[in-house]
Each structure stands twice: as structure tokens, then as C-alpha cells.
Amino acid sequence: ACNYDPAAETDNGACDFSCYGCTDPESCNYNADATLDDGSCTGPGESITISVTTDIYPGETTWTLTDDSGATIATGGPYSTAGITEEQTVCVAEGCYTFSIADSFGDGIFEPGGYVLTVNDTLVASGGDFGDVETVAFCTDNLNFGCTDPTACNYDPGAGIDNGTCDFSCV
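Residues numbered from 1 in each chain as written. Predicted model: local features only at pLDDT ≥ 70, side-chain atom pairs only at ≥ 80, totals over all residues. Heavy atoms only, no water.

Chemist: How should the nonpolar core be read in this particular structure?
Modeler: Soluble globular proteins tend to bury their nonpolar side chains together. Counting 23 residues, the largest nonpolar core has I48, W63, L65, F99 and F138 as the members making the most contacts within it. Those elements giving two or more residues to this core turn out to be strand 3 (46–53), strand 4 (61–67), strand 6 (85–92), strand 7 (96–103), strand 8 (114–119), strand 9 (122–127) and strand 10 (133–139). For F138, the residues in contact, after removing those within four places along its chain, are I48, L65, G95, C96, Y97, F99, L117, V119, V124, G160 and I161. (Core = buried A, V, L, I, M, F, W, Y, C linked by side-chain atoms within 4.5 Å. Buried < 20%, exposed > 50% of the residue type's maximum accessible area, 1.4 Å probe, protein only. Helix = DSSP H or I, 4+ residues; strand = E, 2+ residues; numbered from the N terminus. Contact = heavy atoms within 4.5 Å.)

Chemist: Could you clarify how one ought to interpret unusual backbone geometry in this entry?
Modeler: Peptide bonds are trans in most cases, and residues, glycine excluded, mostly fall at negative phi. A cis geometry characterises the amide bond from G77 onward to P78, with omega recorded as -5°. Of note, P78 is situated in the loop between strand 5 (72–76) and strand 6. Each neighbour pair has its own omega, and for E111 with P112 the value is 15°, a cis peptide bond. Note that P112 resides in the loop between strand 7 and strand 8. Positive phi values are uncommon outside glycine, yet N120 reaches one of about 50°. Within the fold, N120 resides in the loop between strand 8 and strand 9.

Chemist: What should I look at first to understand a negative patch on the surface in this one?
Modeler: A surface patch of negative charge is lined by D24, E26, D37 and D38. You can see D38 is positioned in the loop between strand 2 (36–37) and strand 3. (Patch = residues over 30% accessible without salt bridge, like charges linked within 9 Å, V, L, I, M, F, W, Y side chains within 5 Å. Areas by Shrake-Rupley, 256 points an atom, 1.4 Å probe, with all protein chains shown as cover. Salt bridge = Lys/Arg side-chain N within 4 Å of Asp/Glu carboxyl O. Lys, Arg positive; Asp, Glu negative; His and termini not counted. Charge placed at Lys NZ, Arg CZ, Asp CG, Glu CD.)

Chemist: What should I look at first to understand the environment of I56 in this one?
Modeler: Relative to the helices and strands, I56 resides in the loop between strand 3 and strand 4. Judged by relative accessible area, which is 61%, I56 ranks as exposed. The spatial distance from the C-alpha of I56 to the C-alpha of I84 is 9.8 Å, given a sequence separation of 28 residues.

Chemist: Would you mind showing me how to read the environment of T42 here?
Modeler: One can find T42 in the loop between strand 2 and strand 3. Separated by 48 residues in sequence, T42 and V90 have C-alpha atoms that sit 9.7 Å apart. Contacts of T42, omitting those with residues within four sequence positions, involve S27, C28, N29 and C91.

Chemist: What is the right way to read the packing of aromatic side chains from this model?
Modeler: The geometry of an aromatic ring pair is captured by two quantities: the separation of the ring centres and the angle between the planes. A complete count under the given rule lists six aromatic pairs for this structure. On the basis of an interplanar angle of 40° and a centroid distance of 6.4 Å, the ring pair of F17 and Y20 is categorised as tilted. Classification of F17 as exposed rests on a relative accessible area of 51%. Each member of the aromatic cluster is reached from another via a ring pair, and the members are W63, F99, Y115 and F130. (Phe/Tyr/Trp six-rings, centres within 6.5 Å; stacked < 30°, edge-to-face > 60°.)

Chemist: Any chance you could explain the state of the cysteines here in plain terms?
Modeler: The bond known as a disulfide is covalent and runs between the sulfur atoms of two cysteines. All chains considered together, the criterion is met by six disulfides. For C28, the disulfide goes to C91, at an S-S distance of 2.0 Å. Of this pair, C28 sits in the loop between strand 1 (20–21) and strand 2 while C91 sits in strand 6, placing them 63 residues apart in sequence. The exposure class assigned to C91 is partly exposed, which follows from its relative accessible area of 27%. Each sulfur in the disulfide pair C147 and C166 lies 2.0 Å from the other. For the disulfide bridge between C147 and C166, the dihedral angle about the S-S bond is near 110°, and by the sign convention the bridge is right-handed. Residue C147 is found in the loop between strand 11 (145–146) and strand 12 (161–162), and its partner C166 is found in the segment after strand 12; the two are separated by 19 residues along the sequence. C2 supplies the cysteine sulfur nearest to C15, a cysteine that is in no disulfide, at a spacing of 9.5 Å. (Disulfide = S-S within 2.5 Å.)

Following this line, the structure appears as C-alpha cells:
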């Protein structure tokens, strides 16, 4: 334990293991707070973090992260505790992914709950007022926001994440 006391004769249940983690700064799951390496380093890659703060109905919320072939990379929920933040970080290869968050009742996540999706500490999406489901497609090599539909009047070829601003009034 991080707070190991060699003089202690009885375990009081206060052992702290928070100092363990990946201590290799080159690994995508590097933990700057870790002082003891636990062997969890995964090596280079892209770090995708999904953070969900539950509302008063945590069992309604689930999410999935899939790659561009449709393979499931990670999932979360349904949750069992209201008003807590659950965070999961996944190391992936550079590529394109789809994040979907769903609410089985169809009313999203009530405030102050919600979700945050980041790639290498760059905000990709966040929210909570999404009804049944919200889906975000993104590529880790292009985190620029704009209109990604080539048939739109304001198509942005430099955009990698659609921000919902596509205008089709010129068609």
C-alpha cells in the first residue's frame, strides 16, 4: 500500500493504493499521479476518455465505443449509483471511432449529470440532453469541428468531427 506502515501490527482497513498506475510518460495511459508502476502501461496510442456523471436514474444510462469496422472497443453502464462520476480511459490505435450514449427511458441524463468524451485531453463531445441516444463519429487524427457533409453548402474539408452546422439551403 502507498501508506504502508512497517510499525503497524494490525490492519485497520485504511490501506491506500492510489499511488499505483502507469508511470511511463510515453504510454497513452500514463498516470502523472502514480509513483509506483503497476504494470498496466499499454504503450503508445490515442487516449479516449469517457466520463459519465449519473443522474437520479443511473440504471437507464449505457454507452458504447466502436471502431470503424463496427467492433466494440469499450462499453459502460448501466450504472447503479446516482450522482457519481464514472470515468473510463481506453488506449486505441489512431483511427476512426463512434461513441454512442443511450438512455433506456428516452430522456437523457438529468442535470447536473451528463457525459464528457475526450481524445488526448481534447474535448470531442459533451452533454446530457439527448433523448434516447446520441452518437458522435470522430477520427483521432482530425479533431477539427465543422460541417463534414460534402453535399452541404458550408462543407469544410478540413473538419473531422461534424458539429451540426451543415447548411443545405443552396441545394
